[in-house]
Protein chains: 2
Amino acid sequence: MKRVHHIAIVVEEIETALPFWQQALGLELAEVEEVEVMKARVAFLPVGESRIELVQPTDPETGLGRYLDKTGGGLHHICLEVDDILAHLAQLRGHGVELIDETPRVRENGTKYAFIHPKSTGGVLLELYQLPQQSG
Amino acid sequence: MKRVHHIAIVVEEIETALPFWQQALGLELAEVEEVEVMKARVAFLPVGESRIELVQPTDPETGLGRYLDKTGGGLHHICLEVDDILAHLAQLRGHGVELIDETPRVRENGTKYAFIHPKSTGGVLLELYQLPQQSG
């Protein structure tokens, strides 16, 4: 378990949310990206070795969209970076933990990720990340 | 803004919650502490430069106790460490941000802390920490 990779916060609109995080709190905005597979726009704000991600759902029919509709926005999930996601998922299964993704999914950039069901974590949606190996 | 200091998760009972975080997920348990001022017991689990705090309310009449009663437990707040909490609170006020603590409160160990109202953050309860200066 290497670090908290990110904390995801669902927002109605990134442009409305940013002034608090950027101007008032003083975080830097690294970039805003359209993440097609999530049906969301995401703003990345690094803090130490972690980052805060402001996630704006672009489709009300996704889990993110329904979360926004139900709550008005707020803390959505936390993501921990691991070295070996397969080993972690096997260990979690061995302890009877319910996984949302039984096998890792893979992003375009090669990052492997999987979500753990809040039922097994005490109500916290938890994501695991394994970043692609740097060559060289 | 130095780092994510901790992520606080409210749990009904630390002993019931720990097996997931410790055995299944593989985090280390640094200690469990009775934090009288919070009316809670807290388990500290370091992850990189941050830590996960499992917070078990010991009094149902506190904000933490009511949160547990209402939600059954889950992500409660995130805490960011800053160098100069007074400067940060002044800057937040200057941007019209609503603070729960207008001036920092101080823990026994000298840590200064203040909470920002979720109204101003888009639904996220946010805490700022300034750790006591190391002498020498």
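Residues numbered from 1 in each chain as written. Chains lettered and ligands numbered in written order. Predicted model: local features only at pLDDT ≥ 70, side-chain atom pairs only at ≥ 80, totals over all residues. Heavy atoms only, no water.

Enquirer: Any details on the pairing of strand β4 (residues 50-57) of chain B? Residues and values, ideally.
Expert: Residue and element names in this part refer to chain B. Taking burial as the measure, the 8 residues of β4 include 7 buried ones, the bulk of the element. Bridging between strand β1 (residues 3-10) and β4 involves 5 bridges; their strand directions are parallel. Bridging from a neighbouring strand, I9 pairs with L54 of β4. Pairing analysis gives 8 bridges linking strand β3 (residues 40-47) to β4, with the strands arranged antiparallel. Within β4, the position partnered with A40 by the bridge is P57. Where β3 folds back onto β4 in an antiparallel hairpin, the turn is made up of 2 residues, including G48, whose phi is positive at roughly 55°. (Buried < 20%, exposed > 50% of the residue type's maximum accessible area, 1.4 Å probe, protein only. Helix = DSSP H or I, 4+ residues; strand = E, 2+ residues; numbered from the N terminus. Pairing = 2+ DSSP bridges.)

Enquirer: Outline the interface of chain A and chain B, listing residues and values.
Expert: Taken together, the contact between chain A and chain B spans 38 residues of the former and 38 residues of the latter. Regarding the contact of chain A and chain B, the summed buried area is about 2900 Å², with carbon and sulfur atoms giving 74% of it. Taken together, the links from chain A to chain B amount to 0 salt bridges. The interface formed by chain A and chain B contains 5 residue pairs in polar contact (both at pLDDT 80 or more). Put simply, the parts of the chain that give the side of chain A that touches chain B at least two residues each are β1 (3-10), α1 (14-24), β4 (50-57), β5 (74-81), α3 (85-94), α4 (118-121) and β8 (126-130) of chain A. With 6 residues, the top contributor of residues to the side of chain A that touches chain B is β5 of chain A. Residue composition of the side of chain A that touches chain B, grouped by class: 20 nonpolar, 15 polar and 3 charged. (Contact = heavy atoms within 4.5 Å. Buried area = accessible area lost by both parts, 1.4 Å probe. Salt bridge = Lys/Arg side-chain N within 4 Å of Asp/Glu carboxyl O. Polar contact = N/O pair within 3.5 Å; in protein donor to acceptor, adjacent residues only side chain to side chain. Nonpolar A, V, L, I, M, F, W, Y, C, P; charged D, E, K, R; others polar.)

Enquirer: Please give an account of the domain arrangement of chain A that cites residues and values.
Expert: Residue and element names in this part refer to chain A. Partitioning chain A into structural domains gives domain 1 (1-78) and domain 2 (82-136). A straight line from the C-alpha centre of domain 1 to that of domain 2 covers 20 Å. Between domain 1 and domain 2, the contact holds 10 residues from the first and 11 residues from the second. Where domain 1 abuts domain 2, roughly 910 Å² becomes buried across the two surfaces, and 63% of that area is made up of carbon and sulfur atoms. Our count for the domain 1 to domain 2 interface comes out at 1 salt bridge. Residues D83 and K2 are paired through a salt bridge, measuring 3.5 Å at the closest nitrogen-oxygen approach. Applying the counting rule to domain 1 against domain 2 returns 5 residue pairs in polar contact (both at pLDDT 80 or more). Put simply, the parts of the chain that give the side of domain 1 that touches domain 2 at least two residues each are β1 and β5. Residue composition of the side of domain 1 that touches domain 2, grouped by class: 4 nonpolar, 4 polar and 2 charged. (Domains from an automatic or database assignment.)

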